[in-house]
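Coordinate analysis (summary)
Given next are the chains, with one letter for each unit.
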Amino acid sequence: MSYKYREAFLNEFSRHGIVPRGNTPPELIHEFINSLYLFEIRALKRRVLDGAVAKPDYARQVESLRNRYPVLAVPVRLWLESE
């Protein structure tokens, strides 16, 4: 199967080091980006538990982290150009 991604999403993917080919399924990209997000959110939680990040700053940093992954809030089917 061949996929044609919208330019805006290709730009977002590249921010995370992803340059999909025409045969790269969007679900695979979503899984990869989601894994990156989970890795970062868990690392932040560890820093809070270790005392490196103050609890009052945690919510602000979670929001900042979430803002770096806006593509995860968009349904995968919208990543593709319509035929």
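Look a little higher up for the structure.
First things first, this report covers the structure right here in the doc.

Thresholds applied
Residues numbered from 1 in each chain as written. Predicted model: local features only at pLDDT ≥ 70, side-chain atom pairs only at ≥ 80, totals over all residues. Heavy atoms only, no water. Phe/Tyr/Trp six-rings, centres within 6.5 Å; stacked < 30°, edge-to-face > 60°. Buried < 20%, exposed > 50% of the residue type's maximum accessible area, 1.4 Å probe, protein only. Lys NZ or Arg CZ within 6 Å of the ring centre and 35° of its normal. Core = buried A, V, L, I, M, F, W, Y, C linked by side-chain atoms within 4.5 Å. Helix = DSSP H or I, 4+ residues; strand = E, 2+ residues; numbered from the N terminus. Contact = heavy atoms within 4.5 Å.

Throughout the structure, instances matching the rule amount to five aromatic pairs. Look at Tyr 5 and Phe 13: their rings are 5.6 Å apart centre to centre, the planes differ by 85°, and that puts the pair in the edge-to-face class. Residue classification places Tyr 5 among the buried positions, given a relative accessible area of 5%. Look at Phe 13 and you get buried, because its relative accessible area is 0%. Taken together, Tyr 3, Tyr 5, Phe 9, Phe 13 and Trp 79 form an aromatic cluster joined through their ring pairs. One Lys or Arg, Lys 45, reaches over the ring of Tyr 58 and ends 5.4 Å from the middle of that ring.

Now for the nonpolar core. One finds Tyr 5, Phe 13, Ile 29, Ile 33, Ile 41, Val 71 and Trp 79 to be the most contacted residues of the largest nonpolar core, which totals 18 residues. At the level of elements, helix 1 (7–15), helix 2 (26–50) and helix 3 (55–67) are the ones that each hand at least two residues to this core. The element contributing the most residues to this core is helix 2, with six residues. Leave out the neighbours within four places in its chain, and Trp 79 touches Lys 4, Tyr 5, Arg 6, Phe 9, Phe 13, Pro 26, Ile 29, His 30, Val 71 and Val 74.

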